[in-house]
Amino acid sequence: MDTKQALTALSSLAQESRLAVFRLLVQAGPDGMAASKIAERLAISPSSLSFHLKELSHAGMVSSRQDGRFVIYAADVGAMNGLIGFLTENCCSGLPCGVNDCT
């Protein structure tokens, strides 16, 4: 992941509703969740949810698939791990964590 991708990912998560959606989808696991269920669980209007899902999708943080008449969304764990890796890439000055009081 490069800096521009990390900034896009971070900015997509830097909003209360989008962060809640992403966290819910992480909990849902690889099976994901229908948009209608997301809206219901988080009490977000369908139009607002659509906007937030578009932002998360654009940033590559969620994926979607058609399942009959439903659109199922899932957190992109690879993107999440890439972001975490980018943020911790030079942790502890390149030393293994736990050395020199770095935890």
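Structure shown above.
Residues numbered from 1 in each chain as written. Predicted model: local features only at pLDDT ≥ 70, side-chain atom pairs only at ≥ 80, totals over all residues. Heavy atoms only, no water.

Examining the side chain of R18
Turning to step 1, where the next piece is worked out: Looking at the secondary structure, you find R18 in helix α2 (residues 16-28).
Turning to step 2, where the next piece is worked out: Buried charged residue R18 carries no salt bridge. Nearest counter-charge: E55, at 5.1 Å.
Turning to step 3, where the next piece is worked out: When neighbours within four sequence positions are excluded, R18 is seen to be in contact with S11, S12, F51, H52, E55 and L56. (Helix = DSSP H or I, 4+ residues; strand = E, 2+ residues; numbered from the N terminus. Buried < 20%, exposed > 50% of the residue type's maximum accessible area, 1.4 Å probe, protein only. Lys, Arg positive; Asp, Glu negative; His and termini not counted. Salt bridge = Lys/Arg side-chain N within 4 Å of Asp/Glu carboxyl O. Contact = heavy atoms within 4.5 Å.)

Regarding the sheet that holds strand β2 (residues 62-67)
Where strands meet in a sheet, backbone hydrogen bonds hold them as pairs that are either parallel or antiparallel.
Turning to step 1, where the next piece is worked out: Across the sheet, which stays open at both edges, the three strands sit in the order β1-β3-β2 with antiparallel pairing between neighbours. Two strands in the sheet have a free side with no partner beyond their single neighbour: β1 (33-34) and β2. (Pairing = 2+ DSSP bridges.)

Quick word on the environment of T3
Turning to step 1, where the next piece is worked out: Inspection of the secondary structure puts T3 in helix α1 (residues 3-13).
Turning to step 2, where the next piece is worked out: Once the C-alpha coordinates of T3 and A75 are considered, the two residues, 72 residues apart in sequence, prove to be 21 Å apart.

So, the pairing of strand β3 (residues 70-75)
Turning to step 1, where the next piece is worked out: Direction of pairing for β1 relative to β3: antiparallel, over a ladder of two bridges. Each residue of the ladder has a partner; that of A34, found in β3, is I72.
Turning to step 2, where the next piece is worked out: Direction of pairing for β2 relative to β3: antiparallel, over a ladder of six bridges. Paired with S63 across the bridge in β3 is A74.
Turning to step 3, where the next piece is worked out: Between β2 and β3, which pair antiparallel one after the other, the connecting turn spans two residues, and G68 there sits at a positive phi close to 70°.

Examining the pattern of salt bridges
Turning to step 1, where the next piece is worked out: Under the criterion given, the structure shown has one salt bridge.
Turning to step 2, where the next piece is worked out: Its salt-bridge partner being K54, residue E55 comes within 3.2 Å of it at the nearest N-O pair.
Turning to step 3, where the next piece is worked out: Residue class for E55 comes out partly exposed when judged on its relative accessible area of 26%.

Looking at the packing of α1 against helix α5 (residues 77-88)
Turning to step 1, where the next piece is worked out: The interhelical angle for the contact between α1 and α5, taken along N-to-C directions, is 115°, at an axis separation of 10 Å. The angle between α1 and α5 falls in the class roughly perpendicular. Between α1 and α5 lies a crossing whose hand is left-handed. Across the interface between the two elements, T3, A6, A9, L10 and L13 from α1 touch L83, F86 and L87 from α5.
Turning to step 2, where the next piece is worked out: Residues belonging to the contact of α1 with α5 are distributed by class as follows: seven nonpolar, one polar and no charged. (Axes fitted to C-alpha atoms, helices over the stretch in contact; angles between N-to-C directions. Parallel < 35°, antiparallel > 145°, perpendicular 65-115°, else oblique. Left-handed = near helix turned anticlockwise from the far one by under 90°. Nonpolar A, V, L, I, M, F, W, Y, C, P; charged D, E, K, R; others polar.)

Some words on the packing of α2 against helix α3 (residues 35-42)
Turning to step 1, where the next piece is worked out: At a closest axis distance of 11 Å, the pairing of α2 and α3 adopts a crossing angle of 115°. The two elements α2 and α3 meet at a crossing, and its hand is right-handed. Across the interface between the two elements, A20, V21, L24 and L25 of α2 pack against I38, R41 and L42 of α3.
Turning to step 2, where the next piece is worked out: Residues of the contact of α2 with α3, tallied by class, amount to six nonpolar, no polar and one charged.

Just distances and angles here, no functional claims.
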